[in-house]
Amino acid sequence: VSKNPLIFHQLFDKETYTYTYLIADPTSKDAIIIDPTIDTYERDLNLIRELQLNLKYILDTHIHADHITGASQLKKATGAKIGISHNSLASGPDTFLKDGDQIPFGDRFMTALATPGHTNSCMSFYIDGYVFTGDTLLIRGTGRTDFQEGNTSTLYNSIRKKLFTLPDDTRVYPGHDYSGHTSSTIGQEKMLNPRVRLENTEEVFIQMMSNLKLDAPKRIREAVPANLKSGNISLHGKKE
Ligand SMILES: [Fe+2]
């Protein structure tokens, strides 16, 4: 029995190039938001209200280093539960997710996939031919592995042995894009991703990643501690 297509919104934060995703079941109007940012909280809450959605879960793909999560603010406004990987050491979430967990909304489920490597807490989320890959798999790129608990070999295996086992036509929606791309597919990334395409061995990937020499994210010192509390920073003089 085929269900109504999901309500799907891809939202962008131009300060940190972060994508936030709002997914809802059109029948029940139950919704899940993935990777909201504190800076786009009002925009996201307005959209949820305009569409008359019942926000059930707020999911973070990992403990972000580049922006503060909007999870706590959205929880206060909607009563939705915060979910993140059980590997995250966070103190704010209501639900700690494990690989394969099914997150219910309406009469549907979003499936949590453990995809560590960029951080230990990285998860991807799968539903109905969409996969939300956070900073694990980016369009023609990958998350970095040079801070937090980054591990290049672990990242390679999460992408090659987990994400790349999804059907080739699965649509890939990443946590960021810095060049204006909005989505890809597993099949395209297997062929075209310069870091993890099928012809690249793990040794090639490790070599590439060790040569990146990236600057630290500007906000890592404020973002990581705040995100370990699901962005609940009101006790510490939240930005006005
Ligand atoms: Fe990240």
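Residues numbered from 1 in each chain as written. Predicted model: local features only at pLDDT ≥ 70, side-chain atom pairs only at ≥ 80, totals over all residues. Heavy atoms only, no water.

Description of helix 1 (residues 41-50)
Residues lying three or four places apart along an α-helix face the same way, a consequence of the helix completing one turn every 3.6 residues. Within the sequence span of helix 1, burial applies to Tyr 41, Asp 44, Leu 45, Leu 47 and Ile 48. Considered in projection along helix 1, the buried side chains sweep an arc of 160° and stay on one side of the axis. Facing away from the buried side of helix 1 by more than 90 degrees, the exposed set consists of Glu 42, Arg 49 and Glu 50. Among the residues trailing helix 1, Gln 52 stands out with phi positive, at a value near 55°. (Buried < 20%, exposed > 50% of the residue type's maximum accessible area, 1.4 Å probe, protein only. Helix = DSSP H or I, 4+ residues; strand = E, 2+ residues; numbered from the N terminus. Arc of directions from axis to C-beta.)

Observations concerning the confidence of the model for the protein chain
In this model, the protein chain carries an average pLDDT of 95, and 96% of its residues clear a pLDDT of 70 or more. Every residue in residues 235-240 is under pLDDT 50, and counting partners more than four places away or in other chains gives 5 contacts. (pLDDT = per-residue confidence, 0-100. Contact = heavy atoms within 4.5 Å.)

Section: the sheet that holds strand 10 (residues 130-134)
Ordered by their spatial adjacency, 6 strands build an open sheet running 7-8-9-10-13-14, and the pairing between neighbours is mixed. The sheet is open, and its two edges are formed by strand 7 (102-105) and strand 14 (184-185), each paired on a single side. Pairing analysis gives 3 bridges linking strand 9 (residues 123-127) to strand 10, with the strands arranged antiparallel. What sits directly across from Ile 127, in strand 10, is Tyr 130. (Pairing = 2+ DSSP bridges.)

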